Amino acid sequence: MTARRSDATRTAILAAARDRFAADGYDRATIRAIAKDARIDPSMVMRYFGSKEGLFAAAVALDLRLPDLTRVPREEVGRTLVGHFLGLWEENEELTAVLRVGATNEAGAERMQGIFRDQLLPVARQVCPDPEQVPARAALCAAQLLGLALTRYVLRLPPARALTRAELVAWLGPTVQRYLTAPNP
């Protein structure tokens, strides 16, 4: 009985957190407001998730909706991925919040690692010439794309923000392409 009540409480907290993060954004959402929405004491949120960052990492389910690269001309793979990620970052503030949390919190970092493992690795497998190199090549792509996201959407560096989408695709597409499809250096 206690396990069921515990699961129900956890589920209620996560549902309230998703709604609150979506409505208020990460910075304005508070543990108190989430607890109130879930009709529980704020200490219960902390008991289950440890911190706001831990709650956010558990609550936000990110589907990167990565393209099927087997349907993309091989020479366009890098540009396709860069364009796709730019679209995601520009339309979804949750991604920026997850990046912020992932850089500063263990639960957030674990969430980012899960996204890498479950979503980016399978896409990299579609085009990498050597199956043994898939993890390293996917990690290089992640470094490039997350670096762009950090400078453009989190740190908001003016030169990174000033680049147009077409310029970013033109600059970064060939690099991501090389990471995924070039022969081993």
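To start, this report covers the structure provided alongside it. (Residues numbered from 1 in each chain as written. Predicted model: local features only at pLDDT ≥ 70, side-chain atom pairs only at ≥ 80, totals over all residues. Heavy atoms only, no water.)

**Quick notes on the overall build of the protein chain**
Formally: The way it works is that DSSP assigns letters per residue, a run of H or I at least four long becomes a helix, a run of E at least two long becomes a strand, and they are numbered from the N terminus. Each residue is placed in one exposure class: buried if its accessible area under a 1.4 Å probe, protein chains only, is under 20% of its type's maximum, exposed if it is over 50%, and partly exposed if it falls in between. We call two residues contacting when some pair of their heavy atoms lies within 4.5 Å. Residue exposure ignores everything except the shown protein chains as possible cover, and the areas themselves are Shrake-Rupley values with a 1.4 Å probe. The convention is simple: Lys and Arg are positive, Asp and Glu are negative, and His and the chain ends are not counted. Every charge is mapped to an atom, namely NZ of Lys, CZ of Arg, CG of Asp or CD of Glu.
Secondary structure summary: the protein chain contains 10 helices and zero strands in total. Projected onto its principal axes, the C-alpha coordinates of the protein chain cover approximately 55 × 40 × 25 Å. Taken over 185 residues, the protein chain has a buried fraction of 45%. Considering only contacts in the protein chain between residues 6 or more positions apart, those separated by 24 or more positions represent 68%. On the protein chain, roughly 10400 Å² of surface is accessible, and the fraction owed to carbon and sulfur atoms is 54%. Between the centroid of the 25 positive side chains of the protein chain and the centroid of its 21 negative side chains there is a distance of 4 Å.

**Digging into the nonpolar core**
Here is the rule: Here the nonpolar core consists of buried residues drawn from Ala, Val, Leu, Ile, Met, Phe, Trp, Tyr and Cys, with membership extended through side-chain atoms lying within 4.5 Å.
Membership of the largest hydrophobic core comes to 58 residues, with the highest contact counts inside it found for F21, L55, F56, L81, F85 and L180. Other than its neighbours up to four places away in sequence, L55 contacts I13, L14, A17, F21, I31, I34, V45 and F49.

**Examining helix 10 (residues 165-181)**
To keep it simple, the criterion reads: Here the expected span of a helix is defined as 1.5 Å times the quantity of residues minus one. A residue's bend is given by the angle between axes fitted to the 7 residues ending at it and the 7 residues starting at it.
Given a rise of 1.5 Å per residue, 17 residues ought to cover 24 Å, and the 23 Å separating the end C-alpha atoms of helix 10 matches this to within 8%. A bend of about 35° at L172 is the largest found in helix 10, and the proline P174 appears one to four places after it. Of all the positions in helix 10, only L168, V169, L172, G173, T175, V176, Q177, Y179, L180 and T181 are classed as buried.

**Comments concerning the environment of F49**
By secondary structure assignment, the location of F49 is in helix 3 (residues 42-49). The class of F49 is buried, set by a relative accessible area of 11%. Excluding anything up to four places from it in sequence, F49 contacts R10, I13, L14, G54, L55 and A58.

**Observations regarding unusual backbone geometry**
The residue R39 is not glycine, and still its phi comes out positive at about 60°. Tracing the chain through its elements places R39 in the loop between helix 2 (31-38) and helix 3. Despite not being glycine, R65 shows a phi value in the positive range, around 50°. Looking at the secondary structure, you find R65 in the loop between helix 4 (52-59) and helix 5 (77-91). Under the relative-accessibility criterion, R65 is labelled partly exposed at 44%.

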